[in-house]
Amino acid sequence: MVFSPRMRITLLYFMAFSALIWPQPGDCSDHNDLRKTKASTVMRMIGHNILLNLGDSSSRILPIEKSENTYRIHFEKPLSFEPNTIMPGIDSLMDVHGIASRYLVEIESCESLEIVHSYFRDSSVQGSLTPCLGRPLPQDCYKVVITMHEPDEKLNTGNISSSQTGRRSNHVTYLFIPLLILAGATSLYMRKKQSATEAGRIEQIGNYQFDPEHRILSIDGVTFTLSQKETELLTLLNHSVNETVTREVILQKVWQDEGDYIGRTLDVFISKLRKKLEADPLIKIINIRGIGYKLIT
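In short, a report on the structure. (Residues numbered from 1 in each chain as written. Predicted model: local features only at pLDDT ≥ 70, side-chain atom pairs only at ≥ 80, totals over all residues. Heavy atoms only, no water.)

**Details of the sheet that holds strand β9 (residues 203-205)**
Which entries qualify depends on this criterion: Strands were regarded as paired on the criterion that DSSP finds at least two bridges between them. Numbering of helices and strands starts at the N terminus; helices are DSSP runs of H or I of at least 4 residues and strands are runs of E of at least 2. Note on geometry: axes are lines fitted to C-alpha atoms, helical ones only across the stretch in contact, with angles between N-to-C directions running from 0 to 180 degrees.
Pairing is antiparallel across the open sheet formed by four strands, whose spatial order is β9-β10-β11-β12. If you trace the sheet from one side to the other, it starts and ends with β9 and β12 (222-225), each paired once. Here the average twist between neighbouring strands, direction ignored, is 25 degrees. Both strand β10 (residues 208-211) and strand β11 (residues 216-219) contribute to a ladder of three bridges, which runs antiparallel.

Right under this line is the structure:
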């Protein structure tokens, strides 16, 4: 079998790197599950802290929902609170347990799915992006939605013992070390090319920058993390900008046959996108009555 230069580089890199990452006897094989469990536990601690701040020490925190890097904290009873009273407790627990340094916190209405409050935290930047400080929310059913901008692999799960490190290091032979150096050097060009390709995936929507792959919408330093459905919906509208997209096409492309579309779900998602796009007054998503929607920029 004849391998192309690119395939040979890939094979060399795999041979060298596999010595570092291949599971060895005695290594922890469930690190990913441990990371997810720790994050979910911290989310319950956040919910517990919120209830304590409201003087509630008896009502339950319902099971945590997880979707990719997004966690939803549900409460048994309706709440009424000022959003700025819960921010320090959330930030403190996220920092102490090393869950994430960049994350978006949203307060979502259970019934309408509207985002009634949100703020973005980046520990490397002074302060956080926080609207509507001091405005109390009326008593209602709310979910606290936390979306982390680091993948699960970056969650801090504690130090690995020196014996585990030693077992792994013993499997890195002198043969693989030069192969690793060679593979790393020869793949530098590929990484640069890949970075250039990823940079080209950013779409411009008016004054917004839209990154569909990472589900991020940003303008003037303000960043919104979109749900998967919001991302698919905005992508579809943007690829047909200034043209009407029928409801039938939207339902087929975004919801397909998943069976989770009910009632006015599409209208709710359109409303959520409108709110996140309202910083640019020239962008509008208009309803073409009885037909569908049109994104105008």
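**Topic: the packing of helix α8 (residues 247-255) against helix α9 (residues 265-276)**
To keep things clear, this is the line we draw: We call two directions roughly parallel when the angle between them is under 35 degrees, roughly antiparallel when it is over 145, roughly perpendicular when it lies between 65 and 115, and oblique otherwise. Residue contacts are counted whenever heavy atoms from the two residues lie within 4.5 Å of one another. Gly is put with the polar residues, along with every residue not named as nonpolar or charged; the nonpolar set is Ala, Val, Leu, Ile, Met, Phe, Trp, Tyr, Cys and Pro, and the charged set is Asp, Glu, Lys and Arg.
Contact geometry of α8 with α9 gives a least axis separation of 12 Å together with a crossing angle of 85 degrees. Classed by the angle they form, the pair α8 and α9 counts as roughly perpendicular. For the pair α8 and α9, contact is made by R247, I250 and W255 and by T265, L266, D267 and F269, respectively. Of the residues belonging to the contact of α8 with α9, the class tally is four nonpolar, one polar and two charged.

**Some words on the packing of aromatic side chains**
To be explicit about the condition: When the centres of two rings from Phe, Tyr and Trp lie within 6.5 Å, Trp using its six-membered ring, the rings pair. Their planes under 30 degrees apart give stacked, over 60 give edge-to-face, and anything left gives tilted. Each residue gets one of three labels from its accessible area relative to the maximum for its type: buried under 20%, exposed over 50%, partly exposed in between, using a 1.4 Å probe on protein chains only.
Tallied over the entire structure, the rule returns two aromatic pairs. Consider the rings of F81 and Y142, whose centres lie 6.0 Å apart with planes at 80 degrees: the pair is edge-to-face. With F81 in strand β3 (residues 79-81) and Y142 in strand β8 (residues 142-148), this residue pair connects regions lying 61 residues apart in the sequence. The buried category is assigned to F81, whose relative accessible area is 5%.

Any functional reading would require information that these geometric values do not contain.
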